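Descriptive analysis of the structure
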Amino acid sequence: MARLRTGVLISGRGSNLQALIDACTARDYPAEIVLVIANRADAAGLDRAARAKIPTRVVAHRGFTERAAFDAALDAALREARVELVCLAGFMRVLGANFIDAWRDRMINIHPSLLPEFPGLDTHARALAAGAKRHGCTVHFVRNEVDNGPIIVQGSVPVLPDDDADKLAARVLAVEHRAYPLALRLVADGRVRVRGDSVEIDGRPGPVRLDAVA
Ligand code: GAR
């Protein structure tokens, strides 16, 4: 079985990367991570990749004066590794339109909210402030508008009365670690088709929903 050659872009801790690495250890998992790229040399996720013997690259955004050159360096590294699908996993740089177009329907992202609610930053504090009853994460194909694009999987958790942003973030992170490997599996298995602004999974309207009870 040929596994889908996957590149993961990170900026920090890399716990979602770890969830993907762990998923890829299963014999029947349809993807393999062939490259991890960080835009910061101190991204802790680089150590996770190294421990799993996955090749790593640092493409430091600080080393480029123009975004297009940074994007081109990322693109070159991904192509050199013959990457077929890109996973953004806590990658905190905005990518340019040319890069996004070049990887259209071949690049997915995880975002810590139930999109279209709370795009952008500080999603957990904003969900609390808005009095949300449920909150969660979204795995979606990347489009030019930030935190937008056809949604593959959403994982939701309850918001509890004594939550603060950290407690809620931890509950969401646990469901992220289930949602991202599931989304990558579905895409790598060829079960996901983009239809306009949404997806079909096994021919039925997506997304897949994981609704945790606690
Ligand atoms: C995750 O919560 C992810 O959803 C979020 O950053 C965190 C990265 O954690 N991504 C974004 O906010 C993207 N805009 P990790 O490095 O431990 O996977």
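Our subject in this report is the structure included herewith. Note that the structure is predicted; figures quoted are calculated from it, not measured.

Observations concerning the nonpolar core
Taken as a class, soluble globular proteins show a tendency for nonpolar side chains to be buried jointly. Within the largest apolar cluster, 47 residues are counted, with the highest numbers of intra-cluster contacts made by Val8, Ile33 and Ile152. In this structure valine 8 touches Leu17, Leu20, Ile33, Leu35, Val36, Ile37, Cys87 and Ala89, once residues within four positions along its chain are discounted. Counting residues in each nonpolar core, the second largest holds 20 residues, with Phe70, Ala77, Val83 and Ile100 among its members.

Thoughts on the pairing of strand E2 (residues 31-38)
Burial of E2 is extensive: 7 of the 8 residues sit out of reach of the surface. When strand E1 (residues 4-10) meets E2, the two strands line up parallel, connected through 7 bridges. Looking across to E2, one finds that glycine 7 is bridged to leucine 35. At this point the chain moves from E1, through helix H1 (residues 15-24), to the parallel E2, and the crossover so formed is right-handed. Handedness of the E2-helix H2 (residues 45-51)-strand E3 (residues 56-58) crossover: right-handed.

Overview of the sheet that holds strand E10 (residues 204-205)
Here we have 3 strands laid out as an open sheet, ordered E8-E9-E10, and antiparallel in their pairing. Edge positions in the sheet fall to strand E8 (192-195) and E10, since each has one partner strand and no second.

Some details on the packing of aromatic side chains
Both the distance between ring centres and the angle between the ring planes are used here to describe each pair of aromatic rings. Tallied over the full model, the rule gives 2 aromatic pairs. Note on phenylalanine 99 and tryptophan 103: the rings are 6.4 Å apart at their centroids and 35 degrees apart in plane angle, and the pair reads as tilted. The class for tryptophan 103 is buried, based on a relative accessible area of 1%.

Cut-offs and rules
Residues numbered from 1 in each chain as written. Predicted model: local features only at pLDDT ≥ 70, side-chain atom pairs only at ≥ 80, totals over all residues. Heavy atoms only, no water. Core = buried A, V, L, I, M, F, W, Y, C linked by side-chain atoms within 4.5 Å. Buried < 20%, exposed > 50% of the residue type's maximum accessible area, 1.4 Å probe, protein only. Contact = heavy atoms within 4.5 Å. Helix = DSSP H or I, 4+ residues; strand = E, 2+ residues; numbered from the N terminus. Pairing = 2+ DSSP bridges. Right-handed = clockwise from strand over helix to strand, strands pointing away. Phe/Tyr/Trp six-rings, centres within 6.5 Å; stacked < 30°, edge-to-face > 60°.

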